[in-house]
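A closer look at the structure
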Amino acid sequence: MNYHGALAAGCMLIAFMLTDSAVASAAPCDQRAALDQAYCDADGDLVADLPTDPSKLRNPDTLVWAFAPIEDPAVYARLFRPFTKHLATCLDRQIVYYPVQSVSAEIAAMRSGRLHFAGFSTGPTVEAVNMAGAVPFAAKGQNGQVRGYHLVAIVRADSPYEHLADLKGKRVAHVAVASNSGNLAPRALFPAEGLVPDTDYRPIMSGAHDKSVMGVLSGDYDMAAVASDVLQRLVERGAIDKAAIRVIYQSPLFPTAAFTHAHDLDPVLADKLKACFFSFRFPPEMTAAFNGDEQFLPVRYDETWRAVRAVTDAVGTLPD
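Residues numbered from 1 in each chain as written. Predicted model: local features only at pLDDT ≥ 70, side-chain atom pairs only at ≥ 80, totals over all residues. Heavy atoms only, no water.

Quick look at the confidence of the model for the chain
Residues at a pLDDT of 70 or more form 89% of the chain, whose mean pLDDT is 89. Taken as a whole, residues 1-26 scores under 50 in pLDDT and shows 41 contacts with residues more than four places along the chain or in a different chain. (pLDDT = per-residue confidence, 0-100. Contact = heavy atoms within 4.5 Å.)

And the structure:
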């Protein structure tokens, strides 16, 4: 089956797959940390344990996956096509890439069982772990090092703004409620720089990092909080002129997207999926699109996402 046929089959499959498998009646649990009531964390690694009932383990012939809707989903459907084909060969089963349209849709699809594995951007990884039973196991990187990024605050190069405190009362773009660099980190880090979200300005949710960047360039926003790696990709693709913007703030380093599997995948399948991830080497187009990243590297959520959880803890739960 070709890619387009597989995509169509995947869309049909998703429409008929069982929903809310993650929220079925759960066994008693003495420890779940920040996890939803549907999951348990008896081993204390901050991610959902395998179901205690072996009949609830999943090992389907067709696996459906998605990548974070950071930019145009169609771009990533094409970009990940060689990887999707690699997984189909490596796992000897049909792999369907499903282009989700929003972070909330991706998390809901993982929670309901419609996604078997997925890439989540930095902030939504925390919500995906806690609310959807996602288990992070890989991240992009190069030379054995996991890729990181910064929250950057950008303004037009010809604007008068030099410091975050200059943006009081101005039009400031955030991305989405669950976004780390696009919402949570600004709320946790901007106040120390003299700019308090919801007090000094009312965040305008653009819906995507690239939309925030383009909004600054078009004059819709005076400033935007975005991820540095997304900004760099836009520059490298020629979508924007680097000279047209200025960075007036840069945060400490955060990890990039986490690649996760559903907590209830059969452990034999999950282990083989990981091995297939780690054996894949990015083709030139993927390496160019992902800032020189060459491969997937193993990560632990409790360690790699510690700084992100600190930001989330500082901000607390935000209304959607």
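Text resumes after the structure shown.
Observations regarding the state of the cysteines
The final tally for this structure, using the stated rule, is 2 disulfides. Cys 29 shares a disulfide with Cys 40; S-S distance 1.9 Å. Because the torsion about its S-S bond is 85°, the bridge between Cys 29 and Cys 40 counts as right-handed. Here Cys 40 lies in the loop between α1 (3-16) and β1 (62-67) and Cys 29 lies in the loop between α1 and β1, a separation of 11 residues in the sequence. Disulfide pairing is shown between Cys 90 and Cys 276; the S-S distance is 2.0 Å. For the disulfide bridge between Cys 90 and Cys 276, the dihedral angle about the S-S bond is near -85°, and by the sign convention the bridge is left-handed. In this pair, Cys 90 sits in helix α3 (residues 81-91) while Cys 276 sits in helix α9 (residues 267-279), placing the two residues 186 residues apart along the sequence. (Disulfide = S-S within 2.5 Å. Helix = DSSP H or I, 4+ residues; strand = E, 2+ residues; numbered from the N terminus.)

Focus: the sheet that holds strand β7 (residues 172-174)
Strand pairing in a sheet relies on backbone hydrogen bonds. The paired strands run either parallel or antiparallel. A sheet is described by the order of its strands in space; here 5 strands give the open sequence β8-β7-β9-β6-β10, paired in mixed fashion. Every other strand in the sheet has two partners, leaving β8 (204-205) and β10 (245-255) as the edge strands with one partner each. Strand direction decides the pairing type here: strand β6 (residues 148-156) and strand β9 (residues 223-227), joined by 4 bridges, are antiparallel. Across the sheet, Leu 151 pairs through a bridge with Ala 227, a residue of β9. Strand contacts of helix α8 (residues 228-236): β6, β9 and β10, with the helix running at about 65° to β6, the strand carrying the most contacts. (Pairing = 2+ DSSP bridges. Axes fitted to C-alpha atoms, helices over the stretch in contact; angles between N-to-C directions.)

Some details on the nonpolar core
Counting residues in each nonpolar core, the largest one holds 46 residues, and the members touching the most others are Ile 154, Leu 164, Phe 190 and Met 223. Excluding residues that lie within four positions of it along the chain, Leu 164 makes contacts with Ala 153, Phe 190, Glu 193, Leu 195, Met 223, Ile 248 and Tyr 249. Formed by 43 residues, the second largest nonpolar core is a distinct cluster that contains Phe 67, Tyr 76, Ala 109 and Ala 262. (Core = buried A, V, L, I, M, F, W, Y, C linked by side-chain atoms within 4.5 Å. Buried < 20%, exposed > 50% of the residue type's maximum accessible area, 1.4 Å probe, protein only.)

Comments concerning the environment of Phe 67
Mapped onto the secondary structure, Phe 67 falls in strand β1. Of the residues examined, Phe 67 reaches a relative accessible area of 2% and is grouped as buried. Phe 67 sits 190 residues away from Ala 257 along the chain, and the two C-alpha atoms are 8.9 Å apart. For Phe 67, the residues in contact, after removing those within four places along its chain, are Tyr 76, Phe 80, Tyr 97, Val 100, Glu 106, Gly 119, Ala 257, Phe 259 and Phe 290.

Some details on the environment of Gly 215
Here Gly 215 is to be found in helix α7 (residues 209-218). On the basis of relative accessibility, which here comes to 4%, the residue Gly 215 falls in the buried class. Distance from Gly 215 to Ala 173, taken between C-alpha atoms, is 8.2 Å for residues 42 residues apart in sequence. Not counting chain neighbours up to four residues away, the residues in contact with Gly 215 comprise Asp 220 and Tyr 221.

A look at the pattern of salt bridges
If you walk through the whole model with that rule in mind, you get 11 salt bridges. In this structure, Asp 36 engages Arg 111 in a salt bridge whose closest nitrogen and oxygen atoms are separated by 3.3 Å. Of this pair, Asp 36 sits in the loop between α1 and β1 while Arg 111 sits in helix α4 (residues 103-112), and the two are 75 residues apart along the sequence. Given the relative accessible area of 18%, Asp 36 is considered buried. Since its relative accessible area comes to 21%, Arg 111 is described here as partly exposed. (Salt bridge = Lys/Arg side-chain N within 4 Å of Asp/Glu carboxyl O.)

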